[in-house]
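For reference, the chains in residue letters:
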Amino acid sequence: MARMTPRPLTVGFDLDMTLIDSRPGIHACYLALAERTGTYIDADLAITRLGPPLEEELRHWFPADEVPATADVYRAMYPTIAIAATPAMAGAHEAIAAVRAAGGRTVVVTAKYEPNAKLHLAHLGIEPDAVVGDLWAEAKAAALREYGAGVYVGDHTGDVRGARAAEALSVTVATGPCDAEELAAAGADVVLTGLGEFPDWLSAYLDAPRA
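Residues numbered from 1 in each chain as written. Predicted model: local features only at pLDDT ≥ 70, side-chain atom pairs only at ≥ 80, totals over all residues. Heavy atoms only, no water.

### Comments concerning the environment of Glu138
So, point 1. With respect to the helices, strands and loops of the structure, Glu138 is situated in the loop between β3 (130-132) and α7 (140-146).
So, point 2. A C-alpha to C-alpha distance of 21 Å links Glu138 and Pro128, two positions ten residues apart in sequence.
So, point 3. Every residue in contact with Glu138, bar those within four places of it in the chain, is listed here: Arg161, Gly162 and Ala165. (Helix = DSSP H or I, 4+ residues; strand = E, 2+ residues; numbered from the N terminus. Contact = heavy atoms within 4.5 Å.)

Here you go:
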């Protein structure tokens, strides 16, 4: 009988509210967008529902036919307003390092505009092996499958859906808009308080016997 080759360790990570606390930068960018367009945006409310694509939030404030152009304006403004204002989440660097120490690879898969996602990671010195942007919920599965990710770490029920669509283990952190109960109810395999718990979880996961 042929022996099955173990699947190489590849861990996917979401970006906003998983690896980075994007609330300060996004809040500032929404205020700047409101000033530039003359359209009221409740930035305090908007940052409580981070995760879905930018266009979904803009539809709350702008007519549908204005959303694509407004999104372009926002994304162009974003680097000078949001990058420096955005810190890493506690445990982000350690989580990436834990995967690397285990001989694995990491891929960031996010709904954020990919060039801006890369700017965040470079600014914070977070160095995944690959970054794929502009994907949300089930659409994330395409990138997770492409890179062979067996684990996907996120903070939103949309991340759970993406992991499940990719047949990857859904590991979640209750650091974003969805609390632990909501993540569990959505079908997350693992719910952590934050990324600070991830290295110990990964160690236990890798040590556990596999069927």
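### Focus: unusual backbone geometry
So, point 1. Even without being glycine, Met17 reaches a positive phi, approximately 65°.
So, point 2. Residue class for Met17 comes out buried when judged on its relative accessible area of 3%.
So, point 3. One non-glycine residue with positive phi stands out, namely Ala137, at about 55°. (Buried < 20%, exposed > 50% of the residue type's maximum accessible area, 1.4 Å probe, protein only.)

### Looking at helix α10 (residues 198-207)
So, point 1. For α10, the full list of buried residues reads Phe198, Trp201 and Leu202. Buried residues in α10, looked at end-on, bunch into an arc of 100°, giving them a common side. Turned more than 90 degrees away from the buried face of α10 sit Asp200 and Asp207, all of them exposed. (Arc of directions from axis to C-beta.)

### Some words on the sheet that holds strand β5 (residues 169-173)
Note: strands within a sheet are paired through backbone hydrogen bonds, in either parallel or antiparallel orientation.
So, point 1. Strand order across the open sheet formed by six strands is β3-β2-β1-β4-β5-β6, with parallel pairing between neighbours. With partners counted over all chains shown, the strands left at the sheet margins are β3 and β6 (190-192), one partner each. Taken over all neighbouring pairs, the strand axes of this sheet differ in orientation by 20° on average, direction set aside.
So, point 2. Across four bridges, the pairing between strand β1 (residues 10-13) and strand β2 (residues 105-109) is parallel. Within β2, the residue paired with Val11 across the bridge is Thr106.
So, point 3. Contacts between helix α8 (residues 157-165) and the sheet are confined to β4 (151-154) and β5, with β5 contributing the most and set at about 165° to the helix. (Pairing = 2+ DSSP bridges. Axes fitted to C-alpha atoms, helices over the stretch in contact; angles between N-to-C directions.)

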